[in-house]
Amino acid sequence: MNIHSIIKNRSVYIQNNYFTPLMFEVLKRKMRKFNYFPTCLPEGFKWYGNRFQGYPCYDCYDLSINMVGTPKGQRLRNYLKRKLEKDFDLKIKRFWVTMRYTKTDELEKSASTLEGCSLVHADAVAKDTSEMAGVFYFDQSYFAGTAFFRTLTCKIPDIKITSEPNRLILYNVESFHAAYHDFTFDQRNVMVFNFEYE
């Protein structure tokens with residue numbers, strides 16, 4: 001079964017040790033050194049009174065598309081896109097990526113979190129397109145990770161994938177999912193993807 005079949009069937013693809021050890025160290029260093037801006041999920045909900053009505057997090061300026069990002073961020077962005085295309089035999093048409101962190105002390109104030117689980121949502125951008133989303137983890141935690149739900153209203157996840165350093169997961173953008181947070185850590189560190197492919 002190839003990656004296209006896995007994603008279309010709404011299964012989850014998991015690959016441990018996705019990057020070489022050297023590249024993983026480079027990514028960890030960039031995660032620490034890049035610049036971030038405060039935001040919240042879901043994005044675009046301007047009617048929230050403040051970030052804490054949603055899922056408060058910080059997204060990376062450097063990886064922003066086109067002229068907004070930094071040259072170092074754009075080089076990494078292009079490298080990540082090419083690697084995904086090569087590894088999974090894809091032609092990516094639209095590519096979005098960010099490094100993201102969530103502070104535990106902010107999440108504790110948030111209206112969006114119930115017992116460590118954020119808002120259940122789907123990432124679908126456009127109908128009738130082939131799209132994938134993904135999460136790359138930096139930390140090891142039995143409690144943190146990503147949970148997948150059968151429906152938007154489910155309270156208990158069907159599948160939960162734990163956070164493991166250098167682990168990549170890919171899934172269908174229409175899959176209902178939520179971030180799980182480990183409150184024994186000061187913050188959750190991930191890199192998240194969303195892309196349309198041919």
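Below you will find a few notes about this structure. (Residues numbered from 1 in each chain as written. Predicted model: local features only at pLDDT ≥ 70, side-chain atom pairs only at ≥ 80, totals over all residues. Heavy atoms only, no water.)

### As for the sheet that holds strand 6 (residues 141-149)
Taken in spatial order, the three strands line up as 7-6-9 in an open sheet, and their pairing is antiparallel. Of all strands in the sheet, those bounded by a partner on one side alone are strand 7 (159-163) and strand 9 (176-180). Averaged over neighbouring strand pairs, the angle between their axes works out to 25° when direction is ignored. The sheet contact formed by strand 6 and strand 7 spans five bridges and is antiparallel. Bridged to glycine 145 within strand 7 is threonine 162. (Pairing = 2+ DSSP bridges. Helix = DSSP H or I, 4+ residues; strand = E, 2+ residues; numbered from the N terminus. Axes fitted to C-alpha atoms, helices over the stretch in contact; angles between N-to-C directions.)

### Describing the side chain of asparagine 172
Along the polypeptide, asparagine 172 turns up in strand 8 (residues 167-172). For asparagine 172, a relative accessible area of 11% translates into the label buried. One polar contact links the side chain of asparagine 172 to the main-chain carbonyl oxygen of isoleucine 7, over a distance of 3.1 Å. In this structure the side chain of asparagine 172 is engaged in a polar contact, spanning 2.8 Å, whose partner is the backbone nitrogen of glutamate 174. Not counting residues up to four positions away in its chain, the partners in contact with asparagine 172 are Ile7, Lys8, Arg10 and Glu131. (Buried < 20%, exposed > 50% of the residue type's maximum accessible area, 1.4 Å probe, protein only. Polar contact = N/O pair within 3.5 Å; in protein donor to acceptor, adjacent residues only side chain to side chain. Contact = heavy atoms within 4.5 Å.)

### Here's the deal with the pattern of salt bridges
Applying the stated rule across the entire model yields nine salt bridges. Glutamate 106 is paired through a salt bridge with arginine 51; the nearest N and O atoms lie 3.0 Å apart. With glutamate 106 in helix 4 (residues 104-107) and arginine 51 in the loop between strand 2 (36-41) and strand 3 (55-60), this residue pair connects regions lying 55 residues apart in the sequence. Arginine 94 is paired through a salt bridge with glutamate 131; the nearest N and O atoms lie 2.6 Å apart. Placement of arginine 94 in strand 4 (residues 92-103) and of glutamate 131 in strand 5 (residues 131-137) is noted, with a sequence separation of 37 residues between them. Residue glutamate 131 is classed as buried on the basis of its relative accessible area of 3%. Salt bridges linked by common partners bring Lys93, Arg94, Glu131 and Glu196 together as one network. (Salt bridge = Lys/Arg side-chain N within 4 Å of Asp/Glu carboxyl O.)

### A few points about helix 3 (residues 71-88)
Along its 18 residues, helix 3 runs 26 Å from first to last C-alpha, staying within 8% of the 26 Å computed at 1.5 Å per residue. Along helix 3, the positions that sit buried rather than exposed are Gly73, Gln74, Leu76, Arg77, Leu80, Lys83, Leu84, Glu85 and Phe88. Next to the buried residues of helix 3 lie helix 1 (3-8), strand 1 (12-15), helix 2 (21-33), strand 4, strand 8 and strand 10 (187-197). Looking one or two residues beyond helix 3, the residue adopting positive phi is aspartate 89, at roughly 55°. (Expected span 1.5 Å × (residues − 1).)

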